There are 2 protein chains.
Amino acid sequence: MDILFASTNSNKAKELSKLLPNHKILLPKEMGVEFDHEEIALTFYGNALGKAKELFDIVKIPVLAEDSGLCVPALGGEPGIYSARYGSDGVNKLGDKERNLYLLDKMKNISERKAFFVCSMVLFIDHYRFYICQETHEGEITYEPKGESGFGYDPVFFIPKLGKTAAELLPEEKNEISHRGKAGRAIASLIEKHWSK
Amino acid sequence: MDILFASTNSNKAKELSKLLPNHKILLPKEMGVEFDHEEIALTFYGNALGKAKELFDIVKIPVLAEDSGLCVPALGGEPGIYSARYGSDGVNKLGDKERNLYLLDKMKNISERKAFFVCSMVLFIDHYRFYICQETHEGEITYEPKGESGFGYDPVFFIPKLGKTAAELLPEEKNEISHRGKAGRAIASLIEKHWSK
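Criteria and cut-off values
Residues numbered from 1 in each chain as written. Chains lettered and ligands numbered in written order. Predicted model: local features only at pLDDT ≥ 70, side-chain atom pairs only at ≥ 80, totals over all residues. Heavy atoms only, no water. Phe/Tyr/Trp six-rings, centres within 6.5 Å; stacked < 30°, edge-to-face > 60°. Lys NZ or Arg CZ within 6 Å of the ring centre and 35° of its normal. Helix = DSSP H or I, 4+ residues; strand = E, 2+ residues; numbered from the N terminus. Expected span 1.5 Å × (residues − 1). Buried < 20%, exposed > 50% of the residue type's maximum accessible area, 1.4 Å probe, protein only. Polar contact = N/O pair within 3.5 Å; in protein donor to acceptor, adjacent residues only side chain to side chain. Contact = heavy atoms within 4.5 Å. Core = buried A, V, L, I, M, F, W, Y, C linked by side-chain atoms within 4.5 Å.

(A) Inspection of the packing of aromatic side chains at higher detail. The final tally for this structure, using the stated rule, is 13 aromatic pairs over all chains. Above the ring of A:Tyr143, the side-chain terminus of A:Arg113 is found at 3.8 Å from the ring centroid.

See the structure below:
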């Protein structure tokens, strides 16, 4: 089945395509739809639902959406829902590399390095029918970026049991344990076992 | 696995027990926990999440919660999230029978009888991990109550393809097609196939 993914992030779309191999994940631009949602909710699931609803109201077909981010308890949960905008001045957005250095700078005098990624994924069938699966991935903030794979905060996110950062993992290894992998598999199992029945 | 259900409604607990035959559904009172959540959200999923969070913060173990109701488009979506409190004066709550008569009275001059039940069910594992499955069941409002089975609005909810009200169905027949049945099976499939892995 073709599933429209409410995002402009082709990295996330690629990860999702691997999680839903029986379906074709389309980005709005591939359907000729302009979509640039402003995230105004105060929760991951609120932002994911907001994106899904906005795109659903345009296309009137089921939509997949997600919001994700990194939470660092020692920073009071920052960057959290502001992960993609962290360190930005409201006009210019930092690139992944600068944003990671900004986070490491904030953490420079902090020895408590625990952190977790969160992913809230939504399958929005219509305004009264939807599924939300929100999952986490636990790790630690490194002292310097490491690895070239993945995207976002992956190079500064260390996974103790693997002895590697998320950016040192192959895409399949990352999907196996990541927040987006878990949420995506949960949504995928609902699509396969429940919704399409 | 024992799963705590954030409710005081033993009818709903009975329905859930049938949907999750591999698990024991416990009500808070059966664990000696006082629980009487005030529903303040403006959405079904918001109320379900609110109940789950409140009980989770007391018991610190995974919690199942749901909010459900009847929406009548010709009444602007009423009774909706206020289904259990519909027709009440804020002090005394109507019983199921009086509430159904109250609804039928509101509908007495309305020929457009379409209606749907909504159920939002939540499995709350912790504050960052949870699943929400929201499902619907479409039907029509009768002109008079019919049937003795079920509870709530079941006697005034007619299912055209079966030619019966929800209160004329056996519990198993109702679970097969109902909003709560669908949402419960979706959550059950996540518990079996995803969460417990």
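(B) Focus on helix H2 (residues 44–59) of chain B. Residue and element names in this part refer to chain B. Helix length check: H2, at 16 residues, gives a terminal C-alpha distance of 23 Å against a target of 22 Å (1.5 Å per residue), a fit within 8%. When H2 is considered as a whole, its buried residues turn out to be Phe-44, Tyr-45, Asn-47, Ala-48, Leu-49, Lys-51, Ala-52, Leu-55, Phe-56 and Val-59. The opening residue of H2, the one whose side-chain oxygen lies 2.9 Å from the backbone nitrogen of Gly-46, is Thr-43. Just past H2, the residue Lys-60 takes up positive phi, approximately 60°.

(C) Structural view of the side chain of B:Glu15. Residue and element names in this part refer to chain B. Along the polypeptide, Glu-15 turns up in helix H1 (residues 10–19). Relative accessible area serves as the criterion here: at 10%, Glu-15 is assigned to the buried category. Apart from residues no more than four positions distant in its own chain, Glu-15 is found in contact with Phe-151, Lys-174, Asn-175 and Arg-180.

(D) Looking closely at the nonpolar core. Grouped together as the largest cluster of nonpolar side chains are 44 residues, with contacts concentrated most on A:Leu64, A:Tyr131, B:Leu64 and B:Tyr131. Membership of the second largest hydrophobic core comes to 36 residues, among which are A:Phe35, A:Val122, B:Leu4 and B:Phe130.

(E) Inspection of the side chain of A:Arg129 at higher detail. Following the sequence through the fold, A:Arg129 ends up in strand E5 (residues 129–141). In this structure the side chain of A:Arg129 is engaged in a polar contact, spanning 2.6 Å, whose partner is the side chain of B:Glu135. Not counting residues up to four positions away in its chain, the partners in contact with A:Arg129 are A:Leu123, A:Phe124, A:Trp195, B:Gln134, B:Glu135 and B:Thr136.

The quantities given are spatial measurements derived from coordinates; they are silent on function.
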